Amino acid sequence: MTGTNSPRVSRASRLSRASARELIEAVVDPGSWYGWDEPVEITTEDPDYRADLERARERTGLDESVITGEGRIEGRRVALVACEFRFLAGSIGVAAGERLVRAVERATAERLPLLAAPASGGTRMQEGTVAFLQMVKVAAAITDHKAAGLPYLVHLRHPTTGGVLASWGSLGHVTAAEPGALIGFMGPRVHEALYGEEFPPGVQNAENLMRHGLIDAVLPLSRLPGVAARVLRVLCAGDAAAGPATGPETGAPPPSASASGAGPEAEALGPGADTASGPAPTAGAALAPDQPRDAGGASTGSAPGTPGDAPGGTPGRRGDVAAGCGPTVARGADSGEAEAFGGGAGRWDPQAGSSSAVHGHVVPGGRGAERDAGGADAVEAGSAAPTPVPPSGALPGAGAGGRRGDVAAGAGASVARATTPEAAGGGGGVGAEHDQAGATAFAGAGGGGGAPDDAEVGAAVPSAEESIRASRRAERPGLRDLLRVAAEDVSSLSGTGAGEHDPGLLLALARVGGTPCVVLGHNRRSARKGDTADGPGEGQALGPAGLRTARRGMRIAAELGLPLLTVIDTAGAALSREAEEGGLAGEIARCLADMVTLPAPTLCLLLGQGAGGAALALLPADRVVAARHAWLSPLPPEGASAILHRTTERAYEVAARQGVRSADLLAQGIVDRIVEEDGEADREADGDTARTPDASRTADAFLGRLGRLLGDELAALRAQDPDERLTARRVRQRGIGLPR
């Protein structure tokens, strides 16, 4: 799930890969492109990451890894987003994620069909977990676009892997891929680093995915415009037909037929586009020679004669609406929702709601790129992300739930979320919450009620290494233990209901802390020797059938109006031929889409390990509670270390830089509440290192208290007004990574 997924490719393959600009030039009608991107400043304080970004800008002429804008395909207005793989392996960080989301929101507000052309290794490792979660907000924006009745087409380019494939790369109404493109959830470099062997050949390529029904077509770039135009004539058939390419808003002549009398498919191709058997456009070709550029070299405006407002101006009407895909309408269910998501009566407003732009690479990072065989900086490394929590330290604390360390908002408590990791430490009562405008509010310890009687002062904040080790102990309690201790009326459900079963996913109906709910989560080893986990599924990596089982649980919750409790405790998704060919990446993407739109109340518990897409799939919820030693990362730490440093020995160092711990997540607004893992000041020697308390030593006491807390959280969510709760969820997800 990281930008480290960049594959080893031959020199010939690199030379034949079209750049993002070349793709746009080949797809849209000549002279019709208009870029939507505002310049992005480099603001990171990390010198190595800054150098990586500067080299990428110099090499590509772009200021980020994605280009967004609009053009016409056979006269029809179409929004287009494309990755530039030469820019840090096309990886997605906070600025790139925000650019993508804003483009999708604008396409939705202006009723435009959307064509995405990813080529990416996934999450940008320099920016850590907060970059990983950009996939949630991009998937949410795509889901809104589709819910508005607008087409979403995807053309997967070589290579597309990791979080990009497992989110917006797998949500298309129609999906094609380049011939021979490497398409897979886990890139071959990461698989080899984790398992010491190469991934089975012939699995992660476009042709094999088509044979297994995971994509609809294998298309060279030369055929993409004609096929896209044909598909849109059907998908937009209920709306007005594509308008002419001329008019008072455009001033651009319609594309003319070729001298050879080629049909409309060839007619839409610009000069230099490739053919089914020919090479890609010449490397470095410009979209338009006199097109304005931003400070980073990126195109910021339209080519001569292109329709559109001036860059940076008020984005009002952008040509005839009939040339897009239907009448312009407000996006939200009501005016408040439309405003919150940048929608309006046919106008895209960049200042609306919480969709303020990220103007720079604001996350301090470390060394995050290394040169591939062609000399390009590929994102190979997970360098620093959010400023990490100190490994240990005495922090004053008062929780909001009657215990030290139940940090941040309890049900109905008026508190603020910690905006620095230091404030999120062992029992710190300074919680964290940003309002809908993105402002950060500060509150005193203990929320609205002060410090509870048993709150401890001076609790230590565990290091990344300590938390990761604690989460992996065989005796650590898991989901089955939670149900045994803290739930009643438990009824386990088996599989998808359609002939599939994955023992790595547990689905049940239960009353947790007295509140009825649907429970689904990762199944790990039981903490008690006498307990079983139904055979060989204990600790098993989650596969596509498990995710389909999870989606069954989501449907039950939605249909019955029951709260949904998801429990994350996984070392990662299954990495195998069967998982790839079974649609693992697509199932992660569909879980994200279901979770962000689910009408039922949702609560996520980070109970232990949270590695990669298997964790991300269950994360988007109304509220997130984390055990103190729980963690969340784009990739298992050993995999990131092996890619960054060619050894697994630096796994904990990498994890610390990426901000994976519960305290880091609380400071970033990803987690709402941290629960300490026992009730005693239990410090034991582990070699020469003192450990903070962990649930493996007092499992039942921890689980009983955790169950009561979860019951209260679920009951509070169920009591909320559904519209207000859904709006708050979307505002929360939209704000991931934005200034607070």
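For clarity, every value in this text was computed on a predicted model and none was experimentally measured.

What counts, and at which threshold
Residues numbered from 1 in each chain as written. Predicted model: local features only at pLDDT ≥ 70, side-chain atom pairs only at ≥ 80, totals over all residues. Heavy atoms only, no water. Helix = DSSP H or I, 4+ residues; strand = E, 2+ residues; numbered from the N terminus. Buried < 20%, exposed > 50% of the residue type's maximum accessible area, 1.4 Å probe, protein only. Contact = heavy atoms within 4.5 Å. Areas by Shrake-Rupley, 256 points an atom, 1.4 Å probe, with all protein chains shown as cover. Pairing = 2+ DSSP bridges. Axes fitted to C-alpha atoms, helices over the stretch in contact; angles between N-to-C directions. pLDDT = per-residue confidence, 0-100. Parallel < 35°, antiparallel > 145°, perpendicular 65-115°, else oblique. Nonpolar A, V, L, I, M, F, W, Y, C, P; charged D, E, K, R; others polar. Salt bridge = Lys/Arg side-chain N within 4 Å of Asp/Glu carboxyl O.

## Brief notes about the overall build of the protein chain
Step number 1: Secondary structure assignment for the protein chain yields 23 helices and 21 strands.
Step number 2: By residue count, 62% of the 740 residues in the protein chain fall in the buried class.
Step number 3: By sequence separation, contacts in the protein chain at least 24 residues apart represent 77% of the contacts at least 6 residues apart.
Step number 4: Working note: accessible area of the protein chain is about 24800 Å², and carbon and sulfur atoms make up 52% of it.

## Let's talk about the sheet that holds strand 1 (residues 34–35)
Step number 1: The strand order across the open sheet built from seven strands is 1-2-3-4-5-7-9, with neighbouring strands paired in mixed fashion. The strands lining the two open edges of the sheet, one partner per strand, are strand 1 and strand 9 (217–218).
Step number 2: Contacts between helix 4 (residues 94–109) and the sheet are confined to strand 2 (66–73), strand 3 (76–83) and strand 4 (114–117), with strand 2 contributing the most and set at about 25 degrees to the helix.

## Some thoughts on the confidence of the model for the protein chain
Step number 1: For the protein chain, the mean per-residue pLDDT works out to 74, and 64% of the residues sit at or above 70.
Step number 2: Low pLDDT, under 50, characterises residues 327–359; the predicted model gives this stretch 83 contacts beyond four residues in sequence or across chains.

## What about the packing of helix 4 against helix 6 (residues 134–147)?
Step number 1: Contact geometry of helix 4 with helix 6 gives a least axis separation of 9 Å together with a crossing angle of 10 degrees. By the angle between their axes, helix 4 is roughly parallel relative to helix 6. Counting all contacts with helix 4, which are made through Val94, Gly97, Glu98, Leu100, Val101, Val104, Ala107 and Thr108, the residues of helix 6 involved are Gln134, Lys137, Val138, Ala141, Ile142, Asp144 and His145.

## Concerning the packing of helix 19 (residues 637–645) against helix 20 (residues 651–658)
Step number 1: Relative to each other, helix 19 and helix 20 sit at 100 degrees, their axes nearing to 8 Å. Taken together, the axes of helix 19 and helix 20 are roughly perpendicular relative to one another. Across from Pro637, Glu638, Ala640, Ser641, Leu644 and His645 in helix 19, the residues of helix 20 making contact are Ala651, Glu653, Val654, Ala655 and Arg657.
Step number 2: Across the contact of helix 19 with helix 20, the residue classes break down as six nonpolar, two polar and three charged.

## Focus on the pairing of strand 17 (residues 602–610)
Step number 1: Along strand 17, nine of the nine residues are buried, which leaves the element largely enclosed by surrounding structure.
Step number 2: In this sheet, strand 17 lies alongside strand 16 (residues 564–570) in parallel orientation, the contact comprising six bridges. Residue pairing in the sheet places threonine 570 in a bridge with glycine 610 of strand 17.
Step number 3: Relative to strand 18 (residues 623–627), strand 17 runs parallel, the two sharing four bridges. By the bridge assignment for strand 18, leucine 606 is matched with alanine 626.

## Regarding the pattern of salt bridges
Step number 1: Taken as a whole, this structure holds 37 salt bridges when the rule is applied.
Step number 2: For glutamate 653, the salt bridge is made with arginine 650, and the minimal N-O distance between the two is 2.7 Å.
Step number 3: Judged by relative accessible area, arginine 650 falls into the partly exposed class, the value being 34%.
Step number 4: It is possible to trace a salt-bridge network through shared partners that takes in Glu500, Arg548, Arg551, Glu587, Arg590 and Asp594.

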